[in-house]
Amino acid sequence: MSWFARRRSFHMATTTQKPWVMVCLGVVLMSLFVHAATRGLFSLRPLTALLPSLAFTAGMASSSETSEFSVTYVTAPNMEVAKTLARGLVGAKLAACVNIVSGVTSVYEWQGKMEEDAELLLVIKTRAALLAEVTEYVVATHPYDVCEVLATPVTGGNPPYLAWLGDNIKSPSK
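Residues numbered from 1 in each chain as written. Predicted model: local features only at pLDDT ≥ 70, side-chain atom pairs only at ≥ 80, totals over all residues. Heavy atoms only, no water.

The chain appears in an unreviewed UniProt entry as Divalent-cation tolerance protein CutA isoform X1 from Hyalella azteca.

So, in structure tokens, the structure goes:
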């Protein structure tokens with residue numbers, strides 16, 4: 001048997017027939033890594049400094065380019081209400097697109113009682129500066145006494161899609 005064959009045979013035996021060898025090796029390596037990290041022998045800062053540039057190279061727009069947009073979430077009791085809200089928002093150019101997601105179960109407390117309802121979730125793509133107008137429309141149209149309107153800023157996205165959003169949502173000054 002050649003040296004290579006004996007070496008390969010040893011390697012296969014230690015990794016397939018004795019998995020504890022690989023586990024022990026992993027534990028030793030992880031211990032060394034943790035020891036070095038806690039003693040300040042190396043830093044992960046150079047890696048974290050690269051993260052914004054990695055997002056850019058992946059074709060994503062940076063947060064400075066997308067902060068004008070937000071995604072707003074609204075729940076609706078049924079499809080009729082959801083479509084009325086969605087069509088009204090898109091028709092008024094308050095949103096470029098509204099996704100209606102079915103199959104949502106909401107568990108919440110209302111007037112001291114635990115409630116559980118089937119609802120639909122509207123995912124509304126709009127401008128952050130239009131949130132007050134979007135909220136005003138939803139509150140005026142929605143059947144709930146206290147309707148959900150929650151917004152989160154868009155921090156990245158496909159540049160052509162973001163341009164499409166900008167073209168299909170009215171400007172705050174209009």
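What follows continues from the structure just given.
This paragraph deals with the packing of aromatic side chains. Under the defined criterion, the tally for this structure stands at one aromatic pair. Between Y161 and W164, the aromatic rings sit 5.5 Å apart at their centres with planes inclined by 35°, giving tilted as the arrangement. Here the residue Y161 and the residue W164 both occupy positions in helix 7 (residues 159-168), the gap between them amounting to three residues, near one helical turn. (Phe/Tyr/Trp six-rings, centres within 6.5 Å; stacked < 30°, edge-to-face > 60°. Helix = DSSP H or I, 4+ residues; strand = E, 2+ residues; numbered from the N terminus.)

Moving on to the pattern of salt bridges. Tallied over the entire structure, the rule returns two salt bridges. For E68, the salt bridge identified is with R127, shortest N-O distance 2.5 Å. With a gap of 59 residues between them, E68 in the loop between helix 4 (63-66) and strand 1 (69-76) and R127 in strand 3 (residues 113-127) connect regions that are remote in the sequence. Residue E68 is classed as partly exposed on the basis of its relative accessible area of 40%. The salt bridge involving E133 is made with K170; its shortest N-O contact spans 2.8 Å. With a gap of 37 residues between them, E133 in helix 6 (residues 131-141) and K170 in the segment after helix 7 connect regions that are remote in the sequence. (Salt bridge = Lys/Arg side-chain N within 4 Å of Asp/Glu carboxyl O. Buried < 20%, exposed > 50% of the residue type's maximum accessible area, 1.4 Å probe, protein only.)

Counting buried residues in strand 1 gives seven out of eight residues, a clear majority hidden from the surface. The sheet contact formed by strand 1 and strand 3 spans eight bridges and is antiparallel. Bridge assignment links A76 to a residue of strand 3, and that residue is L120. When strand 1 meets strand 4 (residues 150-153), the two strands line up antiparallel, connected through four bridges. Paired with Y73 across the two strands is L150, which belongs to strand 4. (Pairing = 2+ DSSP bridges.)

Turning to the packing of helix 5 (residues 79-91) against helix 6, a few remarks are in order. The contact between helix 5 and helix 6 brings their axes to 11 Å, and the two run at 145°. Both helix 5 and helix 6 take part in a crossing whose hand is right-handed. Taken together, the residues of helix 6 that come into contact with helix 5 (itself represented by T84, L85, G88 and L89) are V134, Y137, V138 and T141. Among the residues forming the contact of helix 5 with helix 6, the class breakdown is five nonpolar, three polar and no charged. (Axes fitted to C-alpha atoms, helices over the stretch in contact; angles between N-to-C directions. Left-handed = near helix turned anticlockwise from the far one by under 90°. Contact = heavy atoms within 4.5 Å. Nonpolar A, V, L, I, M, F, W, Y, C, P; charged D, E, K, R; others polar.)

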